[in-house]
Amino acid sequence: MRVFTFLCVLLVILTFLSLSNGAVSISIVDCVYTILTAVGFDISHPINKIHQGVLLEIRIPRTILAIMVGAGLSSSGALMQGLFRNPLADPGLVGISSGAALGAALVIVLGWSIPMLEYWTLPIAAFIGSVISTVCVMRLSVMGGKTIVTNMLLAGIAINAIAGAGTGLMVYLAEEDQLRDLTFWTLGSFGGAKWIEVQLALFTIVLPSCIGLSLSRSLNIMLLGEAQAHMLGVSLERIKKTIVVLVCIIVGSSVSMTGMIGFVGLVVPHLCRMLVGADNRKVLPASIILGGSLLLASDLLSRTLIMPAEFPIGIVTSIIGGPFFLMLLSMNQKKQVW
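**Structural notes on the overall build of the protein**
Secondary structure summary: the protein contains 14 helices and 2 strands in total. In summary, the protein has a C-alpha radius of gyration of 21 Å against a globular reference of 20 Å for 338 residues, a match within 12%. Principal axes of the C-alpha set define a box for the protein whose edges measure 65 × 55 × 35 Å. Buried residues in the protein amount to 48% of all 338 residues. Long-range pairs, those at least 24 residues apart, make up 77% of the contacts in the protein with a sequence separation of at least 6. About 16100 Å² of surface is accessible on the protein, with carbon and sulfur atoms providing 69% of the total. Averaging the coordinates of the 19 positive side-chain charges in the protein and doing the same for the 15 negative ones gives two points 17 Å apart.

This is how it looks when you write it as structure tokens:
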């Protein structure tokens with residue numbers, strides 16, 4: 001209980017830091033008064049219109065989206081690690097991220113556009129790419145009417161290679177401006193986050209993550225092995241397909257909105273197992289809270305390190321996640337958490 005209290009307090013602190021810091025500095029008190037005024041409270045405190053515009057149109061949607069994406073990526077990582085029964089599992093294993101990258105690369109380099117949906121063309125293409133990759137992996141992993149986890153892993157490796165080759169071809173064919181756009185997209189960013197994206201994320205990230213929480217008991221039983229789980233009444237096929245579909249929706253939506261963001265789905269669940277143990281009933285909610293905090297902190301660093309310019313958040317998460325994960329591995333040699 002203390003761990004969850006600490007994680008919630010950390011998330012609240014980071015939220016206010018994210019709202020108050022940036023190219024335009026806003027005090028936490030002004031942030032609170034501005035938010036209260038926006039939701040309908042009659043506050044006598046004077047409201048700075050510039051600060052109000054920055055908060056309501058830029059920082060609040062960006063902060064909320066960062067929390068949602070971080071929570072979604074972390075819960076996806078926890079679900080995949082529970083499915084594969086391996087702490088090194090990651091949503092990228094089944095080709096979701098690479099498929100999304102290929103979809104985005106095709107739109108950027110070939111100049112595809114959906115009539116009347118020009119702004120959403122790239123996110124839609126990235127999401128479709130992730131879905132196609134996931135469907136291919138699921139089809140290739142079925143043997144004798146059963147989904148074989150080992151085959152899923154091998155199919156994911158193959159799909160990752162194929163999608164990576166396609167993306168590499170687009171990079172080779174891209175012109176200078178297109179190559180720059182593609183590079184920045186693959187590095188990830190929350191710049192330009194809008195309220196419409198926050199609303200979409202409620203259904204494509206938050207809702208699937210909440211559904212994933214209901215699978216924690218089944219994941220605990222699957223730790224005993226598939227044969228034992230089947231004897232205890234767990235519908236393995238339903239659980240496997242549900243997890244893959246949920247992860248596809250969450251990661252595909254996250255990548256389509258923000259670009260490629262690495263290490264969150266790998267590091268956060270691993271850290272949570274060290275904090276709360278291997279019980280997925282605790283790991284999944286802890287991953288959601290800590291994942292939102294980690295990505296929010298990374299986004300805060302990305303836009304304050306070199307103000308007024310912005311550092312790609314994918315670089316920040318990799319710089320933080322890489323050494324941190326090595327530290328976790330060294331600590332795990334002394335304490336087994338699976």
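Now that the structure is up, let's keep going.
**A look at the pattern of salt bridges**
Per the stated rule, a full pass over the model turns up 4 salt bridges. Among the salt bridges present, the one from glutamate 310 reaches arginine 62, with a minimum N-O distance of 2.9 Å. Of this pair, glutamate 310 sits in the loop between helix H13 (280–304) and helix H14 (313–332) while arginine 62 sits in helix H3 (residues 49–84), and the two are 248 residues apart along the sequence. Classification of glutamate 310 as partly exposed rests on a relative accessible area of 34%. According to the relative accessible area criterion, arginine 62 is buried, its value standing at 9%.

**Notes on the environment of glycine 72**
Residue position: glycine 72 is located in helix H3. Considering only alpha carbons, one finds glycine 72 and serine 287, 215 residues apart in sequence, at a separation of 8.9 Å. If we skip the residues at most four places from it in the chain, glycine 72 touches Ile205, Ser209 and Ile250.

**Structural notes on the side chain of arginine 303**
Following the sequence through the fold, arginine 303 ends up in helix H13. Relative accessible area serves as the criterion here: at 10%, arginine 303 is assigned to the buried category. Here serine 18 takes part through its backbone oxygen, which lies 2.6 Å from a polar atom of the side chain of arginine 303. Those residues within four positions of arginine 303 in sequence are excluded, and the remaining contacts are Ser18, Asn21, Gly22, Arg59, Arg62, Ala309 and Glu310.

**Some details on helix H7 (residues 176–187)**
Spanning 12 residues, H7 covers 17 Å between terminal C-alpha atoms, matching the ideal 16 Å at 1.5 Å per step. Regarding H7, the residues found buried are Gln178, Leu182 and Trp185. Projected onto a plane normal to the axis of H7, the buried residues spread over an arc of 65 degrees and lie on a single side. Exposed residues on H7 whose side chains face more than 90 degrees from its buried face are Glu176, Asp177 and Arg180. Elements that come into contact with the buried residues of H7 comprise helix H4 (96–110), helix H5 (121–140), helix H6 (149–173) and helix H11 (236–258). Two residues or fewer past H7, glycine 188 is found with a positive phi of approximately 80 degrees.

**A short note on the state of the cysteines**
Applying the stated criterion to the full structure yields 0 disulfides. Free cysteine cysteine 8: the closest other cysteine sulfur is in cysteine 272, separated by 12 Å. As a non-bridged cysteine, cysteine 136 has cysteine 248 as the owner of its nearest cysteine sulfur, 11 Å distant.

**Some points on the packing of H5 against H11**
When two helices pack together, their arrangement is given by the angle between their axes and by how far apart the axes lie. For the pair H5 and H11, interaxial distance at closest approach is 8 Å and the crossing angle is 155 degrees. The orientation of H5 with respect to H11, classified from their angle, is roughly antiparallel. Every pair of crossing elements has a handedness; the one defined by H5 and H11 is right-handed. On the side of H5, the interface is formed by Pro123, Ala126, Phe127, Ser130, Val131, Thr134 and Met138, while H11 contributes Lys241, Val244, Cys248, Ile249, Gly252, Ser253 and Ser256. Tallied by class, residues from the contact of H5 with H11 come to 8 nonpolar, 5 polar and 1 charged.

**Some thoughts on the nonpolar core**
Judged by nonpolar contacts, the single largest core of 72 residues is most densely connected at Leu65, Leu83, Phe84, Met152, Trp185, Phe190 and Ile243. Among the elements that line this core, the one with the most residues is H11, at 11 residues. Residues within four places of phenylalanine 84 in sequence aside, it is in contact with Ala89, Val94, Val149, Met152 and Leu153. With 6 residues, the next largest nonpolar core counts Ile26, Cys31, Val54 and Ile60 among its residues.

**A short note on a nonpolar patch on the surface**
On the surface, Leu301, Leu305, Ile306, Ile319 and Ile320 cluster together into a nonpolar patch covering about 420 Å² of accessible area. Among the structural elements, isoleucine 320 can be located in helix H14. For isoleucine 320, a relative accessible area of 34% translates into the label partly exposed.

**Looking at the confidence of the model for the protein**
As a general rule, the predicted coordinates of low-pLDDT regions are not to be interpreted in detail. Confidence along the protein averages 86 in pLDDT terms, with 97% of residues attaining 70 or more. The secondary-structure element of the protein with the lowest mean pLDDT is helix H10 (residues 226–231), recorded at 77, while helix H8 (residues 195–213) shows the highest, at 93.

**A closer look at unusual backbone geometry**
You will see that phenylalanine 263, though not glycine, has its phi angle at about 75 degrees, which is positive. Inspection of the secondary structure assignment puts phenylalanine 263 in the loop between H11 and helix H12 (264–276).

Procedures and definitions
- Residues numbered from 1 in each chain as written.
- Predicted model: local features only at pLDDT ≥ 70, side-chain atom pairs only at ≥ 80, totals over all residues.
- Heavy atoms only, no water.
- Helix = DSSP H or I, 4+ residues; strand = E, 2+ residues; numbered from the N terminus.
- Rg over C-alpha atoms; globule rule 2.2 N^0.38 Å.
- Buried < 20%, exposed > 50% of the residue type's maximum accessible area, 1.4 Å probe, protein only.
- Contact = heavy atoms within 4.5 Å.
- Areas by Shrake-Rupley, 256 points an atom, 1.4 Å probe, with all protein chains shown as cover.
- Lys, Arg positive; Asp, Glu negative; His and termini not counted.
- Charge placed at Lys NZ, Arg CZ, Asp CG, Glu CD.
- Salt bridge = Lys/Arg side-chain N within 4 Å of Asp/Glu carboxyl O.
- Polar contact = N/O pair within 3.5 Å; in protein donor to acceptor, adjacent residues only side chain to side chain.
- Expected span 1.5 Å × (residues − 1).
- Arc of directions from axis to C-beta.
- Disulfide = S-S within 2.5 Å.
- Axes fitted to C-alpha atoms, helices over the stretch in contact; angles between N-to-C directions.
- Parallel < 35°, antiparallel > 145°, perpendicular 65-115°, else oblique.
- Left-handed = near helix turned anticlockwise from the far one by under 90°.
- Nonpolar A, V, L, I, M, F, W, Y, C, P; charged D, E, K, R; others polar.
- Core = buried A, V, L, I, M, F, W, Y, C linked by side-chain atoms within 4.5 Å.
- Patch = residues over 30% accessible without salt bridge, like charges linked within 9 Å, V, L, I, M, F, W, Y side chains within 5 Å.
- pLDDT = per-residue confidence, 0-100.

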